Amino acid sequence: GAVEMEQKRCCGELQGPSAPSRGRQGRSRSALPAPRRHGEPESALRKLQEHQLSTDAPASRQPWCATVRRRRGRGDGRVRRLTGGGSSVTSWIHAGLVATSALAIWKAMMLVTLCESPVVVVLSGSMEPGFYRGDILFLNMGKRKVDNGEIVVFNIDGRDIPIVHRSLRVHTERSTGNQEILTKGDNNYANDRGLYKPGQDWLQKKHLIGRVVGYCPYVGMLTIIMNDYPFLKYMLIGILGFFVVTSKDEM
Amino acid sequence: MHSWTSRANLLFSFSTSCLAVVCLLAAATEWWHPKEVDAHLEIRRVETFKSVTKGNEMLALNMKLDLDTSKLFSWNTKQVFFWLQAEFASGRHENNQVTFVDHIVRSTDRKVFREENIRNEYPIVSRGRALRGNTLNVTLHWEALPKVGALRVGSVPLVRGYLLPQHYFVDG
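Since we're looking at a predicted model, the values are computed, not measured. (Residues numbered from 1 in each chain as written. Chains lettered and ligands numbered in written order. Predicted model: local features only at pLDDT ≥ 70, side-chain atom pairs only at ≥ 80, totals over all residues. Heavy atoms only, no water.)

(A) Representation of the overall build of chain B. If you tally the helices and strands in chain B, you get 1 helix and 10 strands. Counting from the amino terminus, chain B carries its helices and strands in the arrangement α-β-β-β-β-β-β-β-β-β-β. Against the globule reference of 16 Å for 172 residues, chain B gives a C-alpha radius of gyration of 23 Å, more extended than a compact globule. When its C-alpha atoms are laid out on the principal axes, chain B stretches across 85 × 35 × 25 Å. Contacts in chain B between residues at least 24 apart in sequence constitute 68% of all its contacts with a sequence separation of at least 6. For chain B, the accessible area works out to roughly 9,200 Å², and carbon and sulfur atoms hold 59% of it. (Helix = DSSP H or I, 4+ residues; strand = E, 2+ residues; numbered from the N terminus. Rg over C-alpha atoms; globule rule 2.2 N^0.38 Å. Contact = heavy atoms within 4.5 Å. Areas by Shrake-Rupley, 256 points an atom, 1.4 Å probe, with all protein chains shown as cover.)

(B) Molecular detail of the pattern of salt bridges. Considering all chains together, one arrives at 21 salt bridges over all chains under this definition. Close ionic contact of Asp228(A) with Arg133(A) constitutes a salt bridge, the shortest N to O distance being 3.4 Å. Placement of Asp228(A) in helix H5 (residues 221-228) and of Arg133(A) in the loop between strand E1 (119-121) and strand E2 (136-140) is noted, with a sequence separation of 95 residues between them. Residue Asp38(B) is joined to Lys71(B) by a salt bridge in which the shortest nitrogen-to-oxygen separation is 3.2 Å. On the criterion of sequence distance, the pair formed by Asp38(B) in strand E1 (residues 38-52) and Lys71(B) in the loop between strand E2 (56-68) and strand E3 (77-88) is long-range, its members being 33 residues apart. Look at the salt bridges and you will find they share partners, linking Arg144(A), Asp147(A), Glu150(A) and Arg211(A) into a network. (Salt bridge = Lys/Arg side-chain N within 4 Å of Asp/Glu carboxyl O.)

(C) Spatial organisation of unusual backbone geometry. Note the cis peptide between Glu128(A) and Pro129(A), where omega equals 0°. One can find Pro129(A) in the loop between E1 and E2. Its identity is not glycine, yet Leu114(A) carries a phi of approximately 55°, on the positive side. Here Lys54(B), not a glycine, exhibits a phi torsion of approximately 65°, which is positive. With respect to the helices and strands, the residue Lys54(B) is situated in the loop between E1 and E2.

(D) Up close: the pairing of E3(B). Residues and elements named next belong to chain B. Counting buried residues along E3, 12 of its 12 residues qualify, which places the element largely inside the surrounding structure. As paired strands, E3 and strand E4 (residues 93-106) are joined by 10 bridges and run antiparallel to one another. The residue of E4 that forms the bridge with Gln79 is Arg106. In textbook terms, the turn of a hairpin is the stretch between consecutive antiparallel strands, and for E3 and E4 this stretch comprises 4 residues. (Buried < 20%, exposed > 50% of the residue type's maximum accessible area, 1.4 Å probe, protein only. Pairing = 2+ DSSP bridges.)

(E) Quick look at the environment of Thr108(B). Residues and elements named next belong to chain B. Inspection of the secondary structure assignment puts Thr108 in the loop between E4 and strand E5 (112-119). Judged by its relative accessible area of 71%, Thr108 falls in the exposed class. Linking Thr108 and Gln79, residues 29 residues apart in sequence, is a C-alpha distance of 8.6 Å.

(F) Layout of helix H4 (residues 88-113) of chain A. All names here are of chain A. Between its terminal C-alpha atoms H4 stretches 37 Å, which fits the 38 Å expected from 26 residues at 1.5 Å a residue. Restricting attention to buried positions, one finds in H4 the residues Ser88, Ser91 and Thr113. Immediately downstream of H4, the backbone of Leu114 shows phi near 55°, a positive value. (Expected span 1.5 Å × (residues − 1).)

Next comes the structure, spelled out in structure tokens:
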């Protein structure tokens, strides 16, 4: 806006509607006119003229307007941006924004569902034919009591991987409201007492991470592949980082 | 903008977004599918009622069950998990819920059942001496697992206030 007015004033003619100075960027790179430096106006302007002639910007023949024109393409001939090397800072910031918004969504889900891990990937086949390896489950903990037959995800002391099984028996104490839960995988013959810590016969609500409320097939296969082959994980991060650094597109 | 990498990136992100929207829409169609079960259970007799370790009691029943589950299945249903649940209250526990029969019906399996002699798959075990002379409720619960979307559960009360015997016995 402001720059176009300058152009009209100094060039004395209207710009066409195809104002080439708008270009793709839509944002002026050189909003302020560059100051002429004493002692070198001629050569710089000549260089600029040559540069302009090589592009298809019309009505650029008046040299002293050229310094205030916005240029199509990458950078001005005369006015260099101070942040050299393309828009890498912007792309780093953009990548950081994407990463932190993903983290914010994850944390918000944790708050809403009261689970430490609101989305889990099924690793074993103990709940087939319902859940196969590589499916993802959406969890919700909530404050209400555990009902019998709910599919729950729980941790066992001494095991680092949580287990997804269905509750088989639930006993709710009258005085304290504590619940004792016994679980069993749909595809297993026996209940889970063999999986619990030695001496532990029941689960309590404190062992549960959440109950399954939603299901989506196959999406977790990527997580399983990256778990089984860690070099894929590093390669993926490396590729993403490479694209962030070398990306020249304005996001 | 026209490099193969940006094209691949755009294609990938667009296709995953489309897939996510399709999954959400498929999950949303379940809202318009009312789920009902027709079921009838009759407890023929108590087969085993005895005391087991740790001061608990165990119960085994013989039942007759008629079940029609066809209305539970929609195009988005992968399988339905059924279980028969015995509920009883005791002095120490306000609620005891014990699954004693369960079954998985996949969308390709037969959906109507007429079983004359069902026995427990899992024993009904109490915590402490809670079953003698107590009354038992039996409910049928179902959980529909979708191909994509939210799990839905429901229940049908089948037997209310079935009186359990006062003495232990084993009746093969």
